[in-house]
Amino acid sequence: MTQHSELSTPIPYGRQHITEVDIQAVVETLQSDFLTQGPKVAEFEQAFAQYVGAKYAVAVSNGTAALHLCAMALGVNEGSCVITTPITFVASANCVRYCGGTVEFCDIDPATALIDLDKLRQMVESKPKGYYSGVIPVDFAGNPVNLEELRKLADEHGLWIIEDACHAPGGYFTDSRGERQLCGNGRYADLAIFSFHPVKHIATGEGGMVTTNDEELYKKLLLYRTHGITRDPALLEENHGGWYMEMQALGYNYRMPDMLCALGISQLSRADEGLARRKEIAQVYDAAFEGFASIAVLGTSPGALDEKGGTGHAYHLYVIQVQDRKGLYDFLREHNIFAQVHYIPAHTMPYYRSLGYRKGDFPEAEHYYSQCLSLPMYPTLTADEQRFVIEKVKEFVANDN
Ligand SMILES: *Cc1c(COP(=O)(O)O)cnc(C)c1O
């Protein structure tokens, strides 16, 4: 028996890491003149844009608001039909509904649980040009979608791309010219979005970011983020004096406050460290489960594996697949390990069923869902804790056979 055969504190599947330096950064902002829109917003945006290699970044109140603003900026309306994956957090699909558009799902590639680009091509080619307006790929688990390939299809059919990169800050794939393309860098997608929810790589409580290389879209996002109101003299239709502002579009209050941006800046400065630790944890899991026929590890997208043995997988999640997933989930819980399931396929949610989707529509996604389990994955997971998790997973699988 190891000393960790029983744990006093539960191990979650993901958790934030807040340091004294983070706390100090927030306290300093609280003592400053700005609680909401101050200097930390632009500072965070610039640092984040640089981190992912994009030209522009717009901080918003959360990842869902980021998706909504993107859909608005791209002009999604009642006539729009947009494709996304069923294996994602529902917000990836909901943003289209917020704007009155129609959501269609495309099944996943079972090897990676990412949207299946071959099926997507078939889907798009089966309809006349103009039928679909855009696609929202998700870098699920931190596995980057091959956006170079997706861009080709998008260009042939006039589609825009919103990359949901919530799982993948710091992730990358290698394109056909051998160049690393960071998730959210705006090279292939029109817009990309991130979330700073506590389980994500960079945690600010609530918070989100849109990145893009497109100046026009950037300007729209800035306007829509704050009620559609501008005070920029260059944009005003009239000008009555110093107080004057104009509401030029129906926007929202989707601002991210200064104190959270201060936390974001501090968190971002440790992002590389956290990512490196995630990769280490993944390697330990990989080695532990290798050769276990009854434990399948979700594959890394081919473009994320580089020649030097590195990986562009950002490991938001570490997903295994087992026959008796519920059994394993319950067994781990009994031992204070809170593994989680990502995701219940979006099309099987009562809301999407009310729009006509049914169980059975996307068999790969549903099969994946029946077996998937996300094991604890976060930078502060200790080696002992990870060993305990691995031991319990193996114990269950051995007894289950
Ligand atoms: C977390 C997440 C979102 C939503 O982000 P919030 O900040 O929680 O609104 C959207 N898409 C994916 C894939 C996510 O993981």
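Description of the structure in this document. For every chain, the first residue of the written sequence is number 1, and numbering continues from 1 along that sequence. Where local features are concerned, this predicted model is filtered to residues with pLDDT of at least 70; where side-chain atom pairs are given and counted, the filter is 80 or more; whole-chain, interface and lining totals use all residues. Heavy atoms from the whole structure form the basis of all side-chain values; hydrogens and water molecules are not counted.

### Some words on the site of the ligand
If even one non-hydrogen atom of a residue comes within 4 Å of a molecule or strand, that residue is called near it. Lining the immediate environment of the ligand, one finds 14 residues, of which Gly63, Thr64, Asp164, Ser195 and Lys200 sit closest. A distance of 2.8 Å separates a nitrogen atom of the ligand from a polar atom in the side chain of Asp164. Any pair of N or O atoms that falls within 3.5 Å is considered a polar contact. Within protein, one atom must be able to donate a hydrogen and the other to accept it, and sequence-neighbouring residues count only if both atoms are side-chain atoms. Measuring from an oxygen atom of the ligand, one finds a side-chain N or O atom of Tyr343 at 3.4 Å. Against a free-state accessible area of 380 Å², the protein chains account for coverage of 93% of the ligand. Here the open area of atoms and residues is found with the Shrake-Rupley method and a 1.4 Å probe, where only the protein chains shown may cover a residue.

### Examining the packing of helix 9 (residues 271-289) against helix 13 (residues 383-400)
Running from N to C, helix 9 and helix 13 point in directions that differ by 30 degrees, and their axes come no closer than 11 Å. Judged by the angle between their axes, helix 9 and helix 13 are roughly parallel. The chirality of how helix 9 crosses helix 13 is right-handed. Residues Arg277, Ile281, Val284, Tyr285, Ala288 and Phe289 of helix 9 pack against Ala383, Gln386, Val389, Ile390, Val393 and Lys394 of helix 13. In terms of residue class, the contact of helix 9 with helix 13 is built from nine nonpolar, one polar and two charged. Axis definition: a line fitted to C-alpha atoms, over the contacting stretch in the case of helices. Angles run 0 to 180 degrees between N-to-C directions. Secondary structure elements are defined from DSSP: runs of H or I of at least 4 residues count as helices, runs of E of at least 2 residues count as strands, and each element is numbered from the N terminus. Angular relationships are summarised with four words: roughly parallel below 35 degrees, roughly antiparallel beyond 145, roughly perpendicular across 65 to 115, and oblique for the angles in between. By convention, the crossing between two helices is left-handed when the near helix turns anticlockwise from the far helix through less than a right angle, and right-handed when the turn is clockwise. By definition, residues are in contact when any of their heavy atoms lie within 4.5 Å. Following the grouping adopted for this structure description, the nonpolar residues are Ala, Val, Leu, Ile, Met, Phe, Trp, Tyr, Cys and Pro, the charged ones are Asp, Glu, Lys and Arg, and the polar ones are all others, Gly among them.

### Brief notes about helix 8 (residues 258-268)
Extensive coverage of helix 8 is indicated by the burial of nine of its 11 residues. Exposure categories follow from relative accessible area, calculated using a 1.4 Å probe and restricted to protein chains: below 20% of the type maximum is buried, above 50% is exposed, and the middle band is partly exposed. Of all the positions in helix 8, only Asp258, Cys261, Ala262, Leu263, Gly264, Ile265, Ser266, Gln267 and Leu268 are classed as buried. On its buried face, helix 8 is in contact with helix 1 (20-30), helix 2 (39-52), strand 2 (56-60) and helix 9.

### Overview of the sheet that holds strand 4 (residues 102-105)
Here we have seven strands laid out as an open sheet, ordered 2-12-11-8-7-3-4, and mixed in their pairing. The sheet terminates laterally at strand 2 and strand 4, the two strands that pair on one side only. Taken over all neighbouring pairs, the strand axes of this sheet differ in orientation by 20 degrees on average, direction set aside. The pairing criterion for strands is at least two bridges between them, as found by DSSP. Here strand 8 (residues 160-164) pairs with strand 11 (residues 191-195) via three bridges, running parallel.

### Things to note about the sheet that holds strand 18 (residues 372-375)
Within the open sheet, the three strands sit side by side as 15-16-18. Their pairing is antiparallel. In this open sheet, the two edge strands, each paired with only one partner strand, are strand 15 (296-297) and strand 18. Here strand 15 pairs with strand 16 (residues 318-321) via two bridges, running antiparallel. Considered in strand 16, the bridge of Ala296 is made with Gln321. Along the sheet, helix 9 makes contact with strand 15, strand 16 and strand 18, crossing strand 16 at roughly 15 degrees. Against the sheet, helix 12 (residues 363-371) engages strand 16 and strand 18, with an angle of about 50 degrees to strand 18.

### So, helix 3 (residues 63-73)
Counting buried positions along helix 3 yields 10 of 11 residues, so the element is predominantly enclosed. Of all the positions in helix 3, only Gly63, Ala65, Ala66, Leu67, His68, Leu69, Cys70, Ala71, Met72 and Ala73 are classed as buried. Looking at the packing, one finds that the buried side of helix 3 touches strand 2, helix 4 (91-98), strand 8, strand 11, strand 12 (208-212) and helix 7 (215-225). The residue sitting at the N-terminus of helix 3 and contributing the capping side-chain oxygen is Asn62; that oxygen lies 3.0 Å from the backbone nitrogen of Thr64. The first or second residue beyond helix 3 is Gly75, which carries a positive phi of 80 degrees.

### Things to note about the packing of aromatic side chains
Within 6.5 Å between ring centres, the rings of Phe, Tyr and Trp (the latter by its six-membered ring) count as paired, and their orientation is classed by plane angle as stacked under 30 degrees, edge-to-face over 60, tilted in between. Taken as a whole, this structure holds 21 aromatic pairs when the rule is applied. Between the aromatic rings of Phe44 and Phe196, the centroid separation amounts to 5.3 Å while the plane-to-plane angle is 50 degrees, which identifies the pairing as tilted. Taken as a pair, Phe44 in helix 2 and Phe196 in the loop between strand 11 and strand 12 lie far apart in primary sequence, 152 residues in all. Summarising the burial analysis for this pair, Phe44 and Phe196 share the class buried. Judged by centre distance (4.8 Å) and plane angle (70 degrees), the rings of Phe48 and Phe194 are edge-to-face. Remark: Phe194 occurs in strand 11 and Phe48 occurs in helix 2; sequence separation between them is 146 residues. Here Phe48 and Phe194 have matching classes, each one buried.

### Considerations on the pattern of salt bridges
Think of a salt bridge as a Lys or Arg side-chain nitrogen and an Asp or Glu carboxyl oxygen that are within 4 Å of each other. Tallying each qualifying case throughout the model produces 15 salt bridges. Of the charged contacts in the structure, one is a salt bridge between Glu280 and Arg277, with a shortest N-O distance of 2.9 Å. Taken together, the positions of Glu280 and Arg277, both in helix 9 and three residues apart, correspond to about one turn of that helix. The partner of Arg387 in a salt bridge is Asp384, and the shortest N-O contact between them spans 2.6 Å. Of the two residues, Arg387 and Asp384 both sit in helix 13, three residues apart, roughly one turn of that helix. Taking the relative accessible area as the measure of exposure, Arg387 reaches 52% and is therefore exposed.

### Some words on the pairing of strand 16
A two-sided burial pattern is seen for strand 16, the buried positions comprising Tyr318 and Ile320 on one face and Val319 and Gln321 on the other. As paired elements, strand 16 and strand 18 share four bridges and run antiparallel to each other. From the neighbouring strand, Ile320 faces strand 18, where its bridge partner is Leu373.

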